[in-house]
Amino acid sequence: MPIANSKLVLGAAATTVAAVTLTGAGIHLSQGHAFFQENPKEVIDEVWQIVDRLYVDGTFNQVDWQAVRQDYLNRDYTQPEAAYKAIREMLEKLGDPYTRFMDPDEFRNMQIDTSGELTGVGLQLGEDKKTKELVVVSPIDGSPAAKAGILSKDKILSIDGKSTKGMDINQAVKLIRGPVGTTVVLTLQRGDRTMTYTIERARIELHPVSFSERPKDGTAPIGYIRLTQFSANAATEMREAIQKLESQNVSGYVLDLRSNPGGLLYASIDIARMWMNEGAIVSTVDRNGETDRQQANRTALTNKPLVVLVDGGSASASEILSGALQDNQRAVLIGTKTFGKGLVQSVRNLGDGSGMAVTVAKYLTPSGRDINKHGIDPDIKVELTDQQREFLSENRDKIGTLEDAQYAKALEVLQGKIAKLKDGENAGASAATAPR
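Residues numbered from 1 in each chain as written. Predicted model: local features only at pLDDT ≥ 70, side-chain atom pairs only at ≥ 80, totals over all residues. Heavy atoms only, no water.

- In the nomenclature of an unreviewed UniProt entry, the chain corresponds to S41 family peptidase from the organism Limnothrix redekei LRLZ20PSL1.

The structure is reproduced here in structure tokens:
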């Protein structure tokens, strides 16, 4: 299955609690849109057809998909909202939280290409696979949610006093989202503790890459790069970061993918090629078993030692990149097990202005690992305590410093690799100059 489609996305969260500011183009209903709104069954059938053609599981979760079509088309729908409810019920039969329907408002607000201006609290939301509870996949760096101290894996118990029990992600997003300057009250559970946060909504500037040269203590300088999201501009910003650090003659790199929930498929492939000169990056497999394999193409920007930081918030596109680097022995992974999402969605717009994301393939790491639900195990496990996680959440300027235990271990490992490389170079130089 070719994967050149720019609409293929990899994200652990069903949506981001932020709204993309759109231009006026495409928002007004066309005659086709009006037709679909006046004929709600057409939207139901359109969704059914997309799933029938593209869904990764040809058994449709052991459901008689033809019978499902007849059932839902034989019903009467007087309002689009009734059809939307029916579509969500229909898709639930697939047992796949990533194949989802979005009404026109939700679809307009869905964050796919983050080149627009975002407003909201900056949470990536997901659903616990076992309990079906709403959970935080990760807060967006620098967002109101991150500044408030909300952490990856926090469970959302209520929104403005309304219980989230039985609430789907789209309903939660509607309640959390709102105008800039207004507030929302979130009650969260972290371990055995329950906490309440009042968060003011704001405009959020998204720059997925930040970087710096460090340390400044006379040891070999290294480049620290933090990638928070595989957005449309992630590859461009990553290229600029590596090129800048290479010009500063760093000796190696720490790439921080912690709490990176994923994003665009091709961004992960482009970035992998900046670190790998050769080798496979990822394979995608559709329901017919057709495989598309993406390879490095000898365009790496550096071959210097690399350590990658990952955790339970590193998902999907983060797992493609870290899996490729690990399987090709290009990097050492440090931290904790990643999120475990090995599925690819295609985003489709529907005739009435609504939209859907449908799972069209699963992906495998270069060694053939299917990491869905399991995740990627780091080479060196370093678990942060709740106290350490809260400290870093409250003191985000300490992330990527020696007060960050996972980073401190990464720096230790990287400096060891750099020293070993220099010892080898010195030994080679001595052998070359020795008398014959």
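### Examining the overall build of the chain
- Scanning the chain from terminus to terminus reveals 12 helices and 21 strands.
- The 436 residues of the chain split such that 53% are buried.
- The long-range share in the chain, meaning contacts at least 24 apart out of those at least 6 apart in sequence, stands at 72%.
- Total accessible area on the chain is roughly 19400 Å²; 48% of this is exposed by carbon and sulfur atoms. (Helix = DSSP H or I, 4+ residues; strand = E, 2+ residues; numbered from the N terminus. Buried < 20%, exposed > 50% of the residue type's maximum accessible area, 1.4 Å probe, protein only. Contact = heavy atoms within 4.5 Å. Areas by Shrake-Rupley, 256 points an atom, 1.4 Å probe, with all protein chains shown as cover.)

### A look at the sheet that holds strand S11 (residues 209-214)
- Spatially, 6 strands are ordered S11-S12-S13-S17-S18-S21 in an open sheet, and the strand pairing comes out mixed. Strands at the two margins of the open sheet, each flanked by one partner only, are S11 and strand S21 (380-381).
- Of the pairings in the sheet, the one linking strand S12 (residues 222-227) to strand S13 (residues 253-256) comprises 4 bridges and is parallel in character. Paired with Ile225 across the strands is Leu255, a residue of S13. (Pairing = 2+ DSSP bridges.)

### Let's talk about the nonpolar core
- Ile225, Met238, Ile271 and Trp275 are the most contacted members of the largest nonpolar core, which totals 67 residues.
- Considering every element that reaches this core, the biggest residue donor is helix H9 (residues 265-275), with 7 residues.
- Not counting residues within four places of it along the chain, the set of residues in contact with Met238 comprises Val209, Ile225, Leu227, Leu255, Ile271, Met274 and Trp275.
- Judged by nonpolar contacts, the second largest core, of 20 residues, contains Leu123, Leu125, Ala145 and Ile199. (Core = buried A, V, L, I, M, F, W, Y, C linked by side-chain atoms within 4.5 Å.)

### Things to note about helix H10 (residues 317-327)
- When you tally the buried positions in H10, you get 10 out of 11 residues, the bulk of the element.
- Turning to H10, its buried residues number three or more, namely Ala317, Ser318, Glu319, Ile320, Leu321, Ser322, Gly323, Ala324, Leu325 and Gln326.
- The positive-phi residue at the C-terminal boundary of H10 is Gln329, with phi of around 55 degrees.

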